[in-house]
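Analysis of the macromolecular model
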Amino acid sequence: MAKISINLATGSFQKEEIIVGIDLGTTNSLVAFINPDKNPQVINDAGKGILVPSVVYFNGQNEAVVGNEAKEYLTTDPSNTIFSVKRLLGRSYKDVAEHKDIFSYKIIDDDSDALVKIYAGDRFYTPIELSGEILKELKARAEHALKTPVNRAVITVPAYFNDSQRQATRDAGKLAGLDVMRIVNEPTAASLAYGIGLDPSQQKTIAVYDLGGGTFDVSILQIQNGIFEVLATNGNTYLGGDDFDRAILNYWLEKNNLDVAVVAQDNILMQTLRLQAEAAKKALSTQNLYNEQVGEFWCTLDKQTFEQLISAKVEETITACKNALKDADLSASDIDEVILVGGSTRTPFVKQAVENFFGKKPQDNINPDEVVALGAAIQADVLAGNRSDILLLDVTPLSLGIETMGGLMDVIIARNSKVPTKAGRQYTTSIDGQVNMKISVYQGERDLVKENRKLAEFDLKGIPAMPAGLPKVDINFLLNADGILTVQAIELRSGVKQEIEITPSYGLSDDTVEKMLLDSIEHAKSDVEQRMLIEARSEGEQLLYTAERFIEKHAEHLTEGEISATKTHIEALRTALATQEKDTILKKADELNEFTRPFAERVMDAAISTAMKGKKIE
Ligand code: ADP
Ligand code: MG
């Protein structure tokens with residue numbers, strides 16, 4: 001039964017509950033919905049502002065305060081004021097250790113492989129709980145502004161987020177009491193806000209340039225038949241508007257002959273100057289000079305100097321754009337549309353750099369800090385069934401597969417496969433009577449699993465005892481639209497089944513992805529050689545095993561001479577296996593195979609004729 005309610009805020013009947021779109025940002029978060037005029041609209045609850053700073057403060061009673069109010073404690077109580085929690089979602093300490101200096105609160109580092117925890121107030125919090133607090137605040141604001149319960153949401157994440165980070169985002173939503181209908185890529189949401197992708201007959205290649213407070217990413221998307229495909233993403237998760245503020249701050253310290261080390265001691269002064277720097281930066285988006293006095297210091301900055309201060313950082317973003325195009329196998333002229341996202345793209349110098357690089361004016365009609373939430377609201381509307389269906393398609397950045405004999409990686413879902421996707425392969429046992437099969441799931445491009453990233457491991461138990469090679473084990477990988485992987489193993493003869501859902505124990509940074517890809521290219525040749533050797537060895541060992549069983553079992557059909565000659569071949573193969581030389585192994589395996597083939601046929605014939613006799617055909 002469909003729920004019918006009256007929305008007091010809009011005065012309209014609502015057949016279905018509203019599904020909101022949420023941009024859960026590193027610096028700022030916000031929520032949007034589709035208004036009765038069918039337009040996406042950001043929520044500004046009781047004039048509290050549209051952007052909710054993604055900051056959580058814990059007061060003495062361990063109560064969470066979120067947003068602008070929390071931001072004020074950054075100076076006065078930094079160890080209990082958590083910012084940038086999005087950087088920690090689905091991450092291990094190991095992933096963030098390199099950048100730990102930017103966090104003024106305590107991140108637990110005792111187990112570097114486990115997901116990070118944060119100590120604030122007098123207890124530990126997971127990044128999921130902290131993001132949950134931000135989402136709770138957004139939900140409350142939406143409910144207050146719309147005067148209706150909000151239980152369902154679409155939440156956006158960067159295109160480079162891995163399974164673990166997506167799952168963590170989903171879990172944060174759950175904690176906030178939200179049913180997360182879909183996790184959507186931020187660049188996809190931004191293009192939807194510009195109406196790109198809403199017309200199924202449209203075919204476009206677009207670039208989404210997103211420069212926020214602390215992160216930068218660029219995504220190349222292809223939109224075809226209403227399907228969004230991420231062709232490539234690139235960026236730097238530690239580059240953003242904060243760097244601009246820091247550059248201004250350092251410039252002022254120098255101009256005022258202040259020692260950085262001395263000012264750094266004075267939290268309040270430091271924070272005041274930092275806020276002043278941000279104000280100067282924002283002002284210079286629309287004017288040419290900024291001039292303010294803080295105490296006895298003059299905070300003066302002209303546009304030209306500002307641009308010099310940030311030009312290296314901006315150049316870095318352009319290099320990332322170049323790399324993204326290269327990965328997508330495209331050139332700037334192939335891009336039909338460039339979209340600007342993130343508050344920092346309000347800086348004219350940034351806009352200009354993007355325009356120069358792509359050779360066309362970027363889209364900037366929609367507020368860059370609202371565009372993602374607006375697009376998420378459109379996606380929510382699509383999911384609510386209010387628009388003709390739009391599919392959202394992403395690609396998986398690294399191959400997924402399982403370990404096979406000799407520690408080889410057997411890829412089941414290849415890198416760059418579109419998700420959702422499903423793939424499977426059949427395996428069998430290598431030893432007679434084997435009743436368990438260990439299934440180890442890996443992610444990566446190398447031929448040897450030990451060079452890849454292990455995601456999970458489980459045992460398929462209870463395979464009925466059968467000769468090696470007879471059981472048929474189907475292994476299926478299902479990667480859903482949120483990038484979450486389900487691995488299922490089923491033995492077809494017995495129906496024994498085992499299934500796991502993968503929530504990797506720790507995250508994977510985009511740097512790691514890049515490194516894994518580069519490593520795989522660098523080691524391609526030696527990897528192939530190793531793979532061939534391992535395959536030859538596995539084949540040789542399997543043959544050794546079968547041949548030994550064969551002469552044991554069928555001795556009555558063989559002559560003494562045949563048996564001893566077979567044994568000589570077996571020993572020759574065993575010696576070859578010890579040499580680690582692929583060609584020798586293959587040669588000896590071949591010889592053994594060739595030598596025993598006639599006996600094998602004879603034994604078969606004998607077996608068949610016995611069976612026929614038994615049947616008594618009349
Ligand atoms: P995120 O996606 O990382 O949460 P936002 O898209 O909200 O972040 O961007 C925040 C950044 O945008 C901050 O560094 C902020 O100073 C910067 N910013 C906001 N308004 C302007 C402006 N008018 N000019 C330049 N930078 C701005
Ligand atoms: Mg953002």
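This write-up is about the structure you can find in this document. (Residues numbered from 1 in each chain as written. Chains lettered and ligands numbered in written order. Predicted model: local features only at pLDDT ≥ 70, side-chain atom pairs only at ≥ 80, totals over all residues. Heavy atoms only, no water.)

Focus: the sheet that holds strand S8 (residues 64–66)
- Pairing in this open sheet of 3 strands is antiparallel, and the strands run S8-S7-S9 from one edge to the other. For this open sheet the edge positions go to S8 and strand S9 (81–83), each flanked by a neighbour on one side alone. Direction aside, neighbouring strands of the sheet carry axes that sit 25° apart on average.
- With 3 bridges connecting them, strand S7 (residues 55–58) and S9 associate as antiparallel partners. What sits directly across from Val 56, in S9, is Ile 82. (Pairing = 2+ DSSP bridges. Helix = DSSP H or I, 4+ residues; strand = E, 2+ residues; numbered from the N terminus. Axes fitted to C-alpha atoms, helices over the stretch in contact; angles between N-to-C directions.)

Observations regarding helix H5 (residues 163–175)
- The end-to-end C-alpha distance of H5 is 18 Å, a good match for the 18 Å that 13 residues give at a rise of 1.5 Å each.
- Most of H5 is tucked away: 10 of the 13 residues are buried.
- For H5, the full list of buried residues reads Asp 163, Ser 164, Gln 165, Arg 166, Gln 167, Ala 168, Thr 169, Arg 170, Ala 172 and Gly 173.
- The N-cap residue of H5 is Asn 162: its side-chain oxygen and the backbone nitrogen of Ser 164 are 3.0 Å apart. (Expected span 1.5 Å × (residues − 1). Buried < 20%, exposed > 50% of the residue type's maximum accessible area, 1.4 Å probe, protein only. Polar contact = N/O pair within 3.5 Å; in protein donor to acceptor, adjacent residues only side chain to side chain.)

Structural notes on the pattern of salt bridges
- Enumeration over the complete set of coordinates arrives at 29 salt bridges.
- Here Lys 450 and Glu 451 are joined by a salt bridge, their closest N and O atoms 3.6 Å apart.
- Overall, Lys 450 belongs to the exposed group, its relative accessible area being 63%.
- The exposure class assigned to Glu 451 is partly exposed, which follows from its relative accessible area of 34%.
- Through salt bridges with shared partners, a single network forms among Lys 438, Lys 454, Glu 457 and Asp 459. (Salt bridge = Lys/Arg side-chain N within 4 Å of Asp/Glu carboxyl O.)

Remarks on the side chain of Gln 488
- Looking at the secondary structure, you find Gln 488 in strand S30 (residues 485–491).
- Residue classification places Gln 488 among the buried positions, given a relative accessible area of 19%.
- Among the polar contacts listed, one links the side chain of Gln 488 to the side chain of Glu 499, at a separation of 3.4 Å.
- Beyond its immediate stretch of four places on either side in the chain, Gln 488 contacts Asp 474, Ile 475, Asn 476, Lys 497, Gln 498 and Glu 499. (Contact = heavy atoms within 4.5 Å.)

Let's talk about the sheet that holds strand S28 (residues 453–460)
- The 4 strands lie next to each other as S24-S23-S27-S28, forming an open sheet whose pairing is antiparallel. Each of the sheet's edge strands pairs with one partner strand only, and the pair in question is strand S24 (408–413) and S28. Each strand axis lies, on average, 30° off the axis of its neighbour in the sheet, ignoring direction.
- Across 3 bridges, strand S23 (residues 400–404) lies against strand S27 (residues 437–443) in antiparallel orientation. Its bridge partner being in S27, Leu 400 is matched across the sheet by Gln 443.

A closer look at helix H4 (residues 127–146)
- Counted at 1.5 Å a residue, the expected span for H4 with its 20 residues is 28 Å, and the 28 Å between its end C-alpha atoms agrees.
- Positive phi appears at Lys 147, one or two residues downstream of H4, with a value of about 55°.

Some thoughts on the nonpolar core
- Counting residues in hydrophobic clusters, the biggest one holds 50 residues, and the most contacted among them are Val 20, Ile 22 and Leu 135.
- For this core, the leading source of residues is H4, giving 7 residues.
- When near neighbours in sequence (up to four residues on either side) are disregarded, Leu 135 contacts Ile 22, Leu 24, Ile 155, Ala 172, Gly 173, Ala 176 and Leu 178.
- Judged by nonpolar contacts, the second largest core, of 45 residues, contains Phe 216, Ile 220, Leu 239 and Tyr 251. (Core = buried A, V, L, I, M, F, W, Y, C linked by side-chain atoms within 4.5 Å.)

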